[in-house]
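For reference, the chains in residue letters:
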Amino acid sequence: MQDTEESRRMFIKAAAMAGVGVALSPFPVWGSTPANDQIKVGLVGCGGRGSGAAAQALAADKGVVIWAMADAFRDRLDSSLGNLLKDEKNKDRVLVPSDRQFVGLDAIDQLLPLVDVVLLCSTPSFRPRQLAKAVAAGKHIFCEKPVCVDSVGYRSVQESVRGAREKGLSLVSGFCWRSAGPERAIYGEILGGRLGEVVGISATYLTGPLGTKARQSGWSDFDFQLRNWQHFAWLSGDHLVEQAVHSVDKINWAMGGRHPTKCTGIGSRYCREDVPERGDIYDNFSVIYEYENGPRCVLTTRQQANCYNNNDDWINGTKGYAWVNGWGPTHWIKDYSGKTIWSYPKDGSTPDMYQVEHDTLFKSIRDRRPVNEGEFMADSCLMAIMGRMSAYSGQQVTWDEAATSGEDLTPSSLSDPMPVQKAPKPGAMS
Ligand SMILES: NC(=O)c1ccc[n+]([C@@H]2O[C@H](COP(=O)([O-])OP(=O)(O)OC[C@H]3O[C@@H](n4cnc5c(N)ncnc54)[C@H](O)[C@@H]3O)[C@@H](O)[C@H]2O)c1
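Residues numbered from 1 in each chain as written. Predicted model: local features only at pLDDT ≥ 70, side-chain atom pairs only at ≥ 80, totals over all residues.

Participant: I'm lost on the overall build of the protein chain in this one. Help?
Facilitator: Looking only at helices and strands, one finds 14 helices and 15 strands in the protein chain. In terms of overall dimensions, the protein chain is globule-like: its C-alpha atoms have a radius of gyration of 21 Å, near the 22 Å expected for 430 residues. Overall, the C-alpha framework of the protein chain stretches about 65 × 50 × 40 Å when taken along its three principal axes. A burial count over the protein chain gives 49% of its 430 residues as buried. For the protein chain, long-range pairs separated by at least 24 residues make up 78% of all intrachain contacts whose partners lie at least 6 apart in sequence. (Helix = DSSP H or I, 4+ residues; strand = E, 2+ residues; numbered from the N terminus. Rg over C-alpha atoms; globule rule 2.2 N^0.38 Å. Buried ≥ 20, exposed ≤ 12 C-beta atoms within 10 Å, placed from the backbone. Contact = placed C-beta atoms within 7 Å.)

In structure tokens, the structure reads:
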């Protein structure tokens, strides 16, 4: 890695960091979109999702060029760029010479002044700072989920969302199910009252453990953790926040964006091997979200091998119930006599939801009609964070407590030694 310990600390910790180190030009009302056809896109976080997002940006608009790339690690950038250049249909619009390749934790600072649009696809813990910088620099943004891993990050994201709105910037979220045709249709029906009042939801995100990377010689403890970021709560937020947040977001969607008043979460680390690359996260959670006037929504998630996998949302209303399974795919609504009262047509359109996100973003830029998905993007993450807070502590957590907490998961030092923490024991936290 090319950056110093000091710059790492500055990048992560300085709360007022937004915009510092970014060469800002006077900001026009509508971003820095050029008058000509070309839209310069910068990718921050050149991993699996970032590489996919870059390809989707290219497919979304013929004027898009991938103009600059940034990653914490040189090899990740090289491999992503190599793959983008291998694609015959795109390679003429992947224009990233060595002086527009930036490596290091704060590589975004060098990238931002060069581009019109930024794709924020790195490790979640850095997203609040990166989002703040992108907004300060006046860029249109695609922002992967989760957008924050703790309460301090949530409040920073809220500020950025407001800033993007004030500046007329487009901010499109990576909560991809919001861009899926069948989900848009069924949640539209639910919000339109087809079920009556929603009184309860049961959501599952049951899947296996994610892969790990064995430690290489020359890696610091920090490098090792960042390479295995999904497994470290301070980097990913734990798998409830990193992965099952999709299901939490669908709860938030069906509940019309209402905030739960409080939640009760349980969880544990039962099946994960006790090896450093498996970090400190749990492998299962269950969270009950309570809403004013009665509705209760339950989210259950696990990452355990050789078990039943499933990704369902059962939504109960006063007039009927809905089954949503994007993996199925299944999307229908029945009344309580069992009669199907709505279903997504078998021949209905199912465009690639990841592509739709980028089509939305670039169309909004061309049309000069900013889209801002920041509110649900931030709130769904806080819902997941409050579930984790409750499970880790063994206590009920209210929305207000989660929203105002001083919780900041970033370790006080990123220098060696950075021992792998023990997974929290419920009831043992002060
Ligand atoms: N919407 C979806 O369905 C979906 C699917 C997969 C991943 N994701 C999300 O996308 C994000 C990336 O996931 P991934 O699977 O691509 O992980 P990944 O590990 O493949 O890629 C992350 C990249 O970010 C880089 N990085 C870390 N810190 C950085 C920094 N400060 N600046 C620049 N680069 C940095 C890493 O080196 C790595 O190359 C995560 O938030 C993940 O939750 C979303």
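Participant: Hey, could you run me through unusual backbone geometry in this one?
Facilitator: Leaving glycine aside, a negative phi is the common case for residues, and trans is the common case for peptide bonds. Here the residue pair K145 and P146 is connected by a cis peptide bond, since its omega of -20 degrees sits within 30 degrees of zero. By the element assignment, P146 lies in the loop between β5 (140–143) and α6 (151–167). Here the bond from D416 into P417 is cis, since omega is -5 degrees, no more than 30 degrees from zero. Following the sequence through the fold, P417 ends up in the segment after α14 (399–404). Positive phi outside glycine occurs at N293, with the angle close to 70 degrees. When you line up the elements, N293 lands in the loop between β9 (284–290) and β10 (296–303).

Participant: Looking at this model, I keep getting lost on the nonpolar core. Mind explaining?
Facilitator: Taken as a class, soluble globular proteins show a tendency for nonpolar side chains to be buried jointly. By size, the foremost hydrophobic cluster in this structure holds 112 residues, and its most contacted members are V41, L119, L120, I141, C381 and I385. For this core, the element with the highest residue contribution is helix α13 (residues 374–393), accounting for 11 residues. Residues lining this core come from more than one domain, with at least three contributed by each of domain 1 (5–176 + 357–372) and domain 2 (178–351 + 381–404). (Core = buried A, V, L, I, M, F, W, Y, C linked by C-beta atoms within 7 Å. Domains from an automatic or database assignment.)

Participant: Looking at this structure, how should I read the packing of helix α11 (residues 245–254) against α13?
Facilitator: The relative placement of two packed helices comes down to the angle between their axes together with the axis-to-axis distance. Where α11 meets α13, the axes come as close as 9 Å, and the angle between the chain directions of the two elements is 115 degrees. Considering only the axes of α11 and α13, their crossing is right-handed. Of α13, the residues touching α11 (which contributes V245, V248, D249 and N252) are F376, D379, S380, C381, M383 and A384. (Axes fitted to C-alpha atoms, helices over the stretch in contact; angles between N-to-C directions. Left-handed = near helix turned anticlockwise from the far one by under 90°.)

Participant: How should the site of the ligand be read in this particular structure?
Facilitator: G45, G47, R49, R76 and S122 are the nearest of the 26 residues found near the ligand. Considering every element that reaches the shell around the ligand, the biggest residue donor is helix α2 (residues 48–60), with three residues. Of the residues that constitute the shell around the ligand, the class distribution is 13 nonpolar, seven polar and six charged. (Near = placed C-beta within 6 Å. Nonpolar A, V, L, I, M, F, W, Y, C, P; charged D, E, K, R; others polar.)

Participant: When you look at the sheet that holds strand β7 (residues 198–207) in this model, what are you seeing that I'm missing?
Facilitator: Ordered in space as β14-β13-β12-β11-β7-β10-β9-β8-β15, the nine strands form an open sheet in which the pairing is mixed. The open sheet is flanked by β14 (340–343) and β15 (397–398), the only strands paired with a single partner. Relative to β9, strand β8 (residues 262–268) runs antiparallel, the two being bridged by seven bridges. Pairing of G265 across the sheet is with V287, part of β9. Helix-sheet contacts for helix α7 (residues 181–191) involve β7, β11 (313–317), β12 (320–325), β13 (330–335) and β14, and the interaxial angle to β12 is about 165 degrees. Its contacts with the sheet place α11 against β7, β9, β10, β11 and β12, and it is angled at close to 165 degrees to β7. (Pairing = 2+ DSSP bridges.)

Participant: Even after reading the chapter, I still don't get the pairing of β11, so can you show me in this structure?
Facilitator: Along β11, four of the five residues are buried, which leaves the element largely enclosed by surrounding structure. In terms of strand pairing, β7 meets β11 through five bridges, oriented antiparallel. From the neighbouring strand, I201 faces β11, where its bridge partner is I315. As judged from the four bridges shared by β11 and β12, these two strands associate in the antiparallel manner. Paired with I315 across the bridge in β12 is A322.

Participant: I'm lost on the pairing of strand β4 (residues 117–120) in this one. Help?
Facilitator: Regular strands place their side chains on alternate faces of the sheet. Burial along β4 is two-sided: the residues V117 and L119 and V118 and L120 are all buried. Across four bridges, strand β1 (residues 39–44) lies against β4 in parallel orientation. Looking at β4, one finds that L43 is bridged to L119. Sheet topology places β4 next to β5; four bridges connect them, and they run parallel. What sits directly across from V118, in β5, is I141.

Participant: How should the domain arrangement of the protein chain be read in this particular structure?
Facilitator: How big an interface is tends to be stated in terms of accessible area lost as the parts join. Domain annotation for the protein chain reports domain 1 (5–176 + 357–372) and domain 2 (178–351 + 381–404). One C-alpha centre belongs to domain 1, the other to domain 2; they are set 26 Å apart. When contributions to the side of domain 1 that touches domain 2 are tallied by element, the ones reaching two or more residues are α6 and α12 (353–367). Counted by class, the side of domain 1 that touches domain 2 contains nine nonpolar, five polar and three charged residues.

Participant: Just checking my understanding: could you explain the confidence of the model for the protein chain for this structure?
Facilitator: Reading predicted coordinates in detail is not appropriate for stretches of low pLDDT. On average, the protein chain scores 92 in pLDDT, and the residues at 70 or more come to 91%. Contacts from residues 1–29, a stretch scored under 50 in pLDDT, to residues over four places away or in other chains number 46 contacts. (pLDDT = per-residue confidence, 0-100.)

Participant: How should the sheet that holds β5 be read in this particular structure?
Facilitator: Whether parallel or antiparallel, the strands of a sheet pair through hydrogen bonds between backbone atoms. Reading across from one edge, β3-β2-β1-β4-β5-β6 is the order of the six strands in this open sheet, with parallel pairing throughout. Single-partner strands in this sheet number two, and they are β3 (101–103) and β6 (171–173). Adjacent strand axes in the sheet meet at a mean angle of 20 degrees when their direction is disregarded. Across the face of the sheet, α2 comes into contact with β1, β2 (64–71), β4 and β5 while running at roughly 165 degrees to β2.

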